[in-house]
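Breakdown of the fold
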Amino acid sequence: MTEQPDAIAALAETKPSPGEKYYPPFKVTPELTKKAKAYIAMYPKGREQSAVLPLIHLVQEKHGYICPQSVLWIAEMCQSTPIHVQGIVSFYPGIRTSCPGKWHIRVCHTIACALSGGEELLSYVCEKIGIDPKAMTEEEPMAVSADGLWSIEAVECLAACGFGPNLMVNDALYSQMDQAKVDDLIEEYSKKA
Amino acid sequence: MSEITYKPGHEPHLRETRRIFRNIDRVGYDPSIACFIKDGGYETLKKAIKMEPAAIIDEVKKSGLRGRGGAGFPTGVKWTFIPKGNTKPVYLVCNCDESEPGTFKDRFIVHQDPHQLLEGMIIACYAVQAHYAIIYMREEFPEAAKIVQRALAEAEKNNFLGKNILGSGYDLNIILHRGAGAYICGEETGLINSIEGVRPYPRIKPPFFPAAIGLYGCPTIVNNVESLCQVRQVLMRGGEAYAADGATRSPGTRIIGVSGDVQRPGYYEIISGSITYGDLLYELCGGPKPGRSFKAIIPGGASAKVMRCDEVLKGRNPDGSVRKMTIFDVPMDLDSIAQHGSMSGSGGVIVMDDSRSMPEMLRNLNRFFAWESCGQCTPCREGNPWMLKLSTRICQGKASPEDVDLLKSVADNICGRTVCAFGEACAWPVQAFTTKFREEFLALTRPINAFKPHNPEAAEARKYLTRED
Amino acid sequence: MSTEQQILPKDAAAAEGKVNVQINGTWYRFPKGTRIADACNSVGVHVPCFCYHPKLSVAGSCRMCLVEQGMPPRLAPGATPTYNDDGYQTIQWMPRAIVACANTVAENMGIRTNGTVCTEARRAVLEFLLTNHPLDCPICDQAGECKLQEYTADYGQLTHRFTESKIKKGKNLSIGPRVNLDQERCVLCRRCVRFMKEIVGEEVLGVVGRGGRNAIACYPGKTLDSNYSMNVVDICPVGAMTSKDFRFKMRVWFLKSTPTIDVNCGTGTNINIWTREQQVYRITPRQNDAVNSCWMPDDHRLNYKYINAPERLLTPLIRTDQQTEQRPAAWEPLLRAVAEQLRRCKSSELAIIASARLTNEELYLTKHLADLLGVKALDIVPRVGENDGMLISADRNPNTTGAKLILGKDGSTLPDIVRGIKIGKIRSLIVLGEDVTAEAGIPAEQLRKLDYLLVMAHSESPTTQEADAVLPGVTFAEKHGTMINVTGRIQRLNQAIDPLGEARADWDILRALLQECGDVPLKAARATSSMEILEEMAEQFEALSGVTWANIGNSGRQILETGVTIPLIEREHAKQP
């Protein structure tokens, strides 16, 4: 039998990422629990499971990604099971299971953006931040730069099709991008670091 | 309203009618409630909340308003699907998971004019007597999530939300629920499952409408952002007045998003049916890019069937005689384009000019659908990666002419056999591209010995099957 | 047309709460609310399903059960329906196939499974399922009982058009102590996920990933360790879930299945026992909605190894002198010697410890043996555990109800016998089918002190080692007989393999012993099968009146009201509308 990574064990393993230095590691604090309870209270009684997505966002915003410990914590908070939460975590492309860079860039390459140069934009951004586009695969759509400052991901439709090509840096959308604008953008964010 | 000025580059074209987008990219307009109220906001709610809920539903039915999410189902009729004598709570969900490629209208509403949505939504909730409602916001709108959250707080502070709204005795709580980047959550039952905190697989039909059994097993109305804003317009204008505007079967304004190879892509709000695709592309959007000509149009979001610009369509003159026409002569309402085998969907028009390779376009769409398939049911889960692999191979020049037919056949096998409409959404582009641009696909292929392997596994296996002489 | 209107089929059906449905051209009547899949299968029109399981919620996701459906045309407002000569409306067929699992029958509905709409849909779905399937049937345990294989042969196509690379997923994954998972073979029907969530109530299995990368998984550290885990192997339509116990042991087509019952507790779970020649390879549950639904606990399922174990007693044994070893003996002389020995015993000093693991027929013969020998000290060994809230009853004997009915004993006088042995009041003992050093708690030294110890057992134990004569009996797999479960249901044990070695069915040993011990005017003493004994019992016990081997059938027959229920079955009944 050939040696293969165990697909089950892999669920509770995290790929190390240079981005981790920019995000605090996951830790259950009273503050976090309080926030989580507030989210859970938004939904009708007995529907704690509805809060799985909000809690995932809560953890991801602060810690950058969803680590196995947080899966267990969310499952416990929402009266669910780890495999259920993992099923949700692994479903949504917006949920990351390894740490992004400080600045996470999402470049749209769906048809409308592709028509306005999304694919070229993607390779240009990769070149600018020093990431090999081949590092982005179907299994690992996100690639992180060695210094952990940048991460990049090709995404499907950001819903700004008329103003393509579009990209997002963390929460901010940048439309009608071209190489000059990318240059400025990268410089601006490098300074913020 | 002559005092409205828009930011440079966003001025409406003369043939536009800005109602929903009245305040989008308007100089001096911000998403605050003060700004909205100054502009006459929440007046319609004050009027509506004094009406009987049934009267509001009647008004919406009278208006002929059809949903703007893509399927175009009459909104008022959808509301009446709540079972008679229902004793369970009724929920209303606003579908702000705008993710059909080519569609980008809801983005502007929630980012720039959130109270317009809230007012429409509160009216709709009151009409169906929902006391708990959810705005399902797509993950890619993090800023909008903050804006809407703030708007909700403002509305509650002004007693447009919360307990005893405007002294009417009606209570309503609206919460914001963020998605996490899945196209399938735009499907209403997938969206409901996403809210319930389970994998967002669309539910099996029957029941055909969540209005019967929806969120938490209770009657649930799911409406698109624009639809809810249109509800406000209906109440503002009156159902009959609303119905009088535009195409008979799809009245009101429509927001068209144009992307791709035109001079001026962007959003346009028009009276439904008042212009044709030709008017849109040549007048409003300024025609093709210099030195180019239009080749193909996807008229209603990525899942609509592509139309060739030189395709000869059969139209009917008022006297019933047949005339020849092209896509440019088709009026922009919800139904006209459907007669020619495509759909107007959510109003996202994607334009491709003669510089584009159609197989490459299809490969892009196949990648989108393969990535977004939820994987619940067999044909879609297995068919989409297959179609992507086929179209990729065609684009790489590693396919035989038979592969083009195979690609179409795979799409035919998915279509109509899936749990949700995603099956059609992913199959239609393939069927249309491979049929209408068949020559382009065939041009990339070459007769290939079927025994020649084209994937690493087959190449490996071949070592054991052939003898090196 | 006559003025006297014939009653239309729809009205006739409605009067019975039924609807008329045309399936492949023939009209049938089904209760309202029947699923199309169940309706078709009930009239012999097979509808292939992967995800649909009658005991689980409907997923409707495999799309294998697509059938062509039609309804009468929608009438224009004010129009009245027209009926043909047979009283039915014409059926307008829909261009799209619908799933037979999630839809229910309706009046005047038409179902076709033989038209192109249906056959094309099935062919297409199978082709899709096979695209990423590894096609490793030669090394797959499910081969031979695989739905994917079966349906491909029945409804699939002969050629494969998929020539791309397949999606790689996890293989040979241990997801629990008894179950292995192959994600590539999986058709993602989610039966296992639903079973664990809905029946067991533990959500340990789930789907991870999305689209083509969807895969069944459990979370590390929270594995599939429920005592009902192996049921997922049974319901898995393909070879994704395999039993660690059965993996690579035997191709299923070599196995013979015998319907019988489980004897590990009083529930009497209906099972199939799978054998080849004289070897038992596995046990699977058999559907019986009054006993065990479709499920069984793992520990019961795996408790079959003793049948072919080296501890089995394969020849009669005798010890002629206290100091010598036991030595093999021939049946007939041994039985004669035993009978002679028993006749010499003083009946007040003789006791019989029987077993509630014996069949009714064996208990009946035991009773007559006791009567013949004048033995008053007779009881069974009780076994009580905890009810697991699912299928395992608190009573861990399979036939306590039978023992109560036939012997009038339930183990309550066993302590007296044990004391009698201890104080030497009982000098001789007959043990039938028990190891009395275990649950009965009689130390081996005390057994050694007895004047005479006769043991009938299928396997070697401390008790048999002390015996003066050992009569090798058989396990439940080697004999016919009946048992009555905790709810009062009489069920059949069917013989799956012949008695091993020189062992004989217990009823046969008891019958022979009875014959040797005296001239009994019993038909049973001359019976050639346990069925004949049952016939005689039916005349003697009111509860068994009218009960025959044939009318018990393979699903049993309720003959007593004990008031005991099976929790899982109660829950299932509560779920039904």
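Since the model is a prediction, treat every value here as computed from it, not as a measurement.

In this section: the interface of chain C and chain B. In this assembly, 28 residues from chain C lie in contact with 29 residues from chain B. Of all the elements in the fold, those that place two or more residues in the side of chain C that touches chain B are strand S4 (92–99) and helix H3 (116–131) of chain C.

Here we take up the interface of chain B and chain A. Between chain B and chain A, the contact holds 42 residues from the first and 34 residues from the second. Secondary-structure elements contributing two or more residues to the side of chain B that touches chain A are helix H7 (142–157), strand S3 (173–178), helix H8 (188–196), strand S5 (253–260), strand S6 (266–271), strand S11 (348–353) and helix H12 (358–372) of chain B. When residues in the side of chain B that touches chain A are grouped by element, the largest group, 6 residues, is from H12(B). The residue makeup of the side of chain B that touches chain A, split by class, is 19 nonpolar, 13 polar and 10 charged.

To continue, consider the domain arrangement of chain B. Residue and element names in this part refer to chain B. If you check the domain split of chain B, you get domain 1 (33–244), domain 2 (254–353) and domain 3 (358–444). The distance between the C-alpha centroids of domain 1 and domain 3 comes to 34 Å. Counting residues at the interface gives 10 residues for domain 1 and 8 residues for domain 3. Its residues assigned to classes, the side of domain 1 that touches domain 3 comprises 8 nonpolar, 1 polar and 1 charged.

Moving on: helix H5 (residues 191–200) of chain C. Since the α-helix packs 3.6 residues into each turn, any two residues three or four apart lie on the same face. All names here are of chain C. Burial analysis of H5 places 8 of its 10 residues in the buried class, the great majority of the element. The set of residues buried in H5 consists of Arg191, Cys192, Val193, Arg194, Phe195, Met196, Ile199 and Val200. Those residues of H5 that are buried are in contact with strand S8 (205–208), strand S9 (215–218), helix H6 (231–235) and strand S10 (241–243). Once H5 ends, the next one or two residues include glycine 201, with phi positive near 80 degrees.

Residues and elements named next belong to chain B. With 8 of 8 residues buried, S5 is to be regarded as a mostly interior element. Relative to S6, S5 is paired through 6 bridges, and the arrangement is antiparallel. Residue arginine 254 lies in a different strand from S6, and its bridge partner there is isoleucine 270. The loop that links S5 with its antiparallel partner S6 comprises 5 residues. Pairing of S5 with S11, which is carried by 4 bridges, proceeds in the parallel orientation.

Here we take up the domain arrangement of chain C. Accessible area lost on assembly of the parts is the figure often given for the size of an interface. The domain boundaries assigned to chain C delineate domain 1 (9–74 + 86–128), domain 2 (135–308) and domain 3 (317–571). Its C-alpha centre places domain 1 of chain C at a distance of 52 Å from the equivalent point of domain 3 of chain C.

Residue and element names in this part refer to chain A. Of all 6 residues making up strand S3 (residues 150–155), 5 are buried, and the element is well covered by its neighbours. Bridge analysis of strand S1 (residues 103–108) against S3 gives 6 bridges, and the strand direction is parallel. Along S3, the bridge assignment pairs tryptophan 103 with tryptophan 150. Note that strand S2 (residues 142–144) and S3 share 3 bridges and pair antiparallel. Counted as the bridge partner of valine 144 is serine 151 from S3.

Thresholds, definitions, all that
Residues numbered from 1 in each chain as written. Chains lettered and ligands numbered in written order. Predicted model: local features only at pLDDT ≥ 70, side-chain atom pairs only at ≥ 80, totals over all residues. Contact = placed C-beta atoms within 7 Å. Helix = DSSP H or I, 4+ residues; strand = E, 2+ residues; numbered from the N terminus. Nonpolar A, V, L, I, M, F, W, Y, C, P; charged D, E, K, R; others polar. Domains from an automatic or database assignment. Buried ≥ 20, exposed ≤ 12 C-beta atoms within 10 Å, placed from the backbone. Pairing = 2+ DSSP bridges.

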